[in-house]
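What the coordinates show
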Amino acid sequence: MANRGTASQVAGSYISANYGMSVEDAVALGRYDWANSDIASKNFSTKRTGKANLTIELPHFNRTISTEGALRELDRMGMRSAELHELLAFGEKYPDVQREFPIVALGSVWRSRDGGRHVPCLSGGGSGRSLRLRWIVSGWNDVYRFAAVRK
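To start, this report covers the structure provided alongside it. Not measured: the values here are computed from a predicted model. (Residues numbered from 1 in each chain as written. Predicted model: local features only at pLDDT ≥ 70, side-chain atom pairs only at ≥ 80, totals over all residues. Heavy atoms only, no water.)

This next bit is on the sheet that holds strand 10 (residues 148–150). Paired through their backbone hydrogen bonds, the strands of a sheet run either parallel or antiparallel. Taken in spatial order, the four strands of this open sheet run 1-3-10-4, and their pairing is antiparallel. Since the sheet does not close on itself, it has two edges, and those belong to strand 1 (13–18) and strand 4 (79–81), each with one partner. Between one strand axis and the next, the sheet turns by 45° as a mean value, whatever way the strands run. Pairing of strand 4 with strand 10, which is carried by three bridges, proceeds in the antiparallel orientation. Looking at the pairing, Arg80 lines up with Val149 of strand 10. Against the sheet, helix 4 (residues 84–93) makes contact with strand 1, strand 3 (51–57), strand 4 and strand 10, and its axis sits at roughly 125° relative to strand 1, the strand it touches most. (Pairing = 2+ DSSP bridges. Helix = DSSP H or I, 4+ residues; strand = E, 2+ residues; numbered from the N terminus. Axes fitted to C-alpha atoms, helices over the stretch in contact; angles between N-to-C directions. Contact = heavy atoms within 4.5 Å.)

Looking now at helix 2 (residues 23–30). Taken residue by residue, helix 2 has Val23, Ala26, Val27 and Gly30 as its buried positions. Along the long axis of helix 2, the arc covered by the buried residues comes to 100°, so they all point the same way. Next to the buried residues of helix 2 lie strand 2 (34–35), helix 4 and strand 8 (130–135). Immediately beyond the C-terminal end of helix 2, within one or two residues, lies Arg31, with a positive phi of roughly 50°. (Buried < 20%, exposed > 50% of the residue type's maximum accessible area, 1.4 Å probe, protein only. Arc of directions from axis to C-beta.)

So, about the pairing of strand 8. Both strand 2 and strand 8 contribute to a ladder of two bridges, which runs parallel. What sits directly across from Ala35, in strand 8, is Leu131. Two elements, strand 7 (residues 117–123) and strand 8, share six bridges in a ladder whose sense is antiparallel. If you follow His118 over to strand 8, its bridge partner there is Trp135. The turn joining strand 7 and strand 8, which pair antiparallel and follow one another in sequence, is formed by six residues; a positive phi near 145° is taken by Gly125.

Here Asp38 shows up in the loop between strand 2 and strand 3. With relative accessibility at 26%, the residue Asp38 sits in the partly exposed group. For the pair formed by Asp38 and Arg48, sequence separation is 10 residues and the distance between their alpha carbons is 21 Å.

Right, let's get into the pattern of salt bridges. Enumeration over the complete set of coordinates arrives at seven salt bridges. Close ionic contact of Glu73 with Arg63 constitutes a salt bridge, the shortest N to O distance being 4.0 Å. Here Glu73, found in helix 3 (residues 67–76), pairs with Arg63, found in the loop between strand 3 and helix 3; they are 10 residues apart in sequence, far enough to count as distant. For the salt bridge of Arg76 with Glu73, the shortest nitrogen-to-oxygen distance reads 2.8 Å. In this pair, Arg76 and Glu73 both sit in helix 3, three residues apart, roughly one turn of the helix. Residues joined by salt bridges that share partners form a network here, namely Arg63, Glu73 and Arg76. (Salt bridge = Lys/Arg side-chain N within 4 Å of Asp/Glu carboxyl O.)

This brings us to the packing of aromatic side chains. Inspection of every chain in the model, using the stated rule, returns four aromatic pairs. Ring geometry for Phe61 and Phe146: centres 5.4 Å apart, planes at 40°, overall tilted. Linking Phe61 in the loop between strand 3 and helix 3 with Phe146 in strand 9 (residues 145–146), this pair joins segments that are 85 residues apart in sequence. We note that Phe61, like Phe146, is buried. Ring centres of Phe90 and Tyr94 lie 5.1 Å apart, and the angle between their planes is 45°; on these two criteria the pair is classed as tilted. With respect to burial, Phe90 and Tyr94 carry one shared label: buried. Put simply, the rings of Phe61, Trp140, Tyr144 and Phe146 touch in pairs and so form one group of aromatic residues. (Phe/Tyr/Trp six-rings, centres within 6.5 Å; stacked < 30°, edge-to-face > 60°.)

See the structure below:
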């Protein structure tokens, strides 16, 4: 059974990421109300293998920040941005956190046919839980949290 706690109760909690699982299977386990069909194994690969128990943290920068700025801040904090498999494991284990604020995984980037760069994002609210792709075009406003793992 998933821990359905709030962000303050689950931030810094363990997840188990299975890098060998297909993206499609990981998305299905998350039981999202809506998922972007481009979030698929053919678009998101990983060099990681096997399984890993990790702690996901959700840094909040309290300001609009660029992608490069967020990555620099995470690095300064001794963290790396979470990848898609890690974000999906977090969404499966803690399904209600994304209802509080959107959570982005900057560690997995997909380039669409039109050349746009997109990252996976958990979001939610009145319309249910969603797994979306967000364009990397400008700053992230202060509502976003950035899924991160200690290096």
